[in-house]
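Fold and contact review
Each chain is listed here by its residues.
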Amino acid sequence: MRISAADRLTPQFFRFLAVGVLNTLFGQGVYAALFLAGLHPQISLLLATISGILFNFQSIGWLVFRDKGCLLPFVACYGVTYAVNALALGLLIRVGLSPIVAQSCLILPVAVLTFVLSRKYVFGAGDRGTRSDHAARE
């Protein structure tokens, strides 16, 4: 019996949120380790971001969508998500929110955007009949 895309959406989204916690811990851990090892904060951030994208690609692909996906569209989706986040953050700061509060307000909307883009453009090919059979058995 085949499970519809709508029936998979809710469990996928909750797995996405759980994996997001894992990914955040990984990224923060890499940043902290590099910084504590003596690297400049900006270099630590750059290397943590690059390693985080690679780690997130694997964890989101296998643990959320059960699909190997394609790295280039994943990186592009992260670029779009970053741009939207940066614009929204700037707007919220301009209307008077502190940077910490503003970014906190954006966590869930940015997570939803990342999920939708990842599902549609990176790992969502199964809805068009090209994803692995494993995802259909989810």
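Residues numbered from 1 in each chain as written. Predicted model: local features only at pLDDT ≥ 70, side-chain atom pairs only at ≥ 80, totals over all residues. Heavy atoms only, no water.

Let's talk about the overall build of the protein chain
- Regarding its fold elements, the protein chain presents 5 helices and 0 strands.
- Each helix (α) and strand (β) of the protein chain, taken in turn from the N terminus, gives the series α-α-α-α-α.
- Here the protein chain holds 138 residues, and 30% of them are scored as buried.
- Contacts in the protein chain between residues at least 24 apart in sequence constitute 64% of all its contacts with a sequence separation of at least 6.
- Accessible area of the protein chain: about 8,500 Å², with a carbon and sulfur share of 74%. (Helix = DSSP H or I, 4+ residues; strand = E, 2+ residues; numbered from the N terminus. Buried < 20%, exposed > 50% of the residue type's maximum accessible area, 1.4 Å probe, protein only. Contact = heavy atoms within 4.5 Å. Areas by Shrake-Rupley, 256 points an atom, 1.4 Å probe, with all protein chains shown as cover.)

Some remarks on a nonpolar patch on the surface
- On the surface, L39, I43, L46, L47, I50, L54, L71 and V75 cluster together into a nonpolar patch covering about 630 Å² of accessible area.
- Elements with a contribution of two residues or more to the nonpolar patch: α2 (41-65) and α3 (71-94).
- Per-element accounting of the nonpolar patch gives the leading share, 5 residues, to α2. (Patch = residues over 30% accessible without salt bridge, like charges linked within 9 Å, V, L, I, M, F, W, Y side chains within 5 Å. Salt bridge = Lys/Arg side-chain N within 4 Å of Asp/Glu carboxyl O.)

Here's the deal with the packing of aromatic side chains
- All told, the structure shown has 12 aromatic pairs when counted by the stated rule.
- These aromatic residues form a ring-pair network of at least three members: F13, F14, F16, F57, F65, F74, Y78, F115 and F123. (Phe/Tyr/Trp six-rings, centres within 6.5 Å; stacked < 30°, edge-to-face > 60°.)

So, α3
- Between its terminal C-alpha atoms α3 stretches 35 Å, which fits the 34 Å expected from 24 residues at 1.5 Å a residue.
- Those residues of α3 not exposed but buried are F74, C77, T81, N85 and G90.
- Residues of α3 that are buried in the fold lie against α2 and α4 (99-122).
- At the exit of α3 stands G96, carrying a positive phi of roughly 115 degrees. (Expected span 1.5 Å × (residues − 1).)

Some points on the confidence of the model for the protein chain
- Taken as a whole, the protein chain shows an average pLDDT of 84; of its residues, 83% reach a score of 70 or greater.
- Within the protein chain, helix α5 (residues 133-136) has the poorest average pLDDT of any element, 42, and α3 the best, 92.
- Low confidence marks residues 126-138, where pLDDT is under 50. Its contacts with residues over four positions away, or in another chain, come to 28 contacts. (pLDDT = per-residue confidence, 0-100.)

Some words on unusual backbone geometry
- Positive phi is not limited to glycine here, since R66 has a value of about 55 degrees.
- By secondary structure assignment, the location of R66 is in the loop between α2 and α3.

Looking at the packing of α2 against α4
- Two numbers describe how α2 lies on α4: the axes approach to 12 Å, and their chain directions differ by 85 degrees. By the angle class used here, α2 and α4 are roughly perpendicular. Of α4, the residues touching α2 (which contributes F57, V64 and F65) are F115, S118, R119 and V122.
- Grouping the amino acids of the contact of α2 with α4 by side-chain chemistry returns 5 nonpolar, 1 polar and 1 charged. (Axes fitted to C-alpha atoms, helices over the stretch in contact; angles between N-to-C directions. Parallel < 35°, antiparallel > 145°, perpendicular 65-115°, else oblique. Nonpolar A, V, L, I, M, F, W, Y, C, P; charged D, E, K, R; others polar.)

Examining the packing of α2 against α3
- Where α2 contacts α3, the two axes come as close as 11 Å, and the packing angle between them is 115 degrees. If you check the angle between α2 and α3, you find them roughly perpendicular. At the point where α2 passes α3, the crossing takes the right-handed sense. From α2, I53, L54, N56, F57 and I60 reach across to α3, where they touch L71, F74, V75 and Y78.
- For the contact of α2 with α3, the per-class residue count stands at 8 nonpolar, 1 polar and no charged. (Left-handed = near helix turned anticlockwise from the far one by under 90°.)

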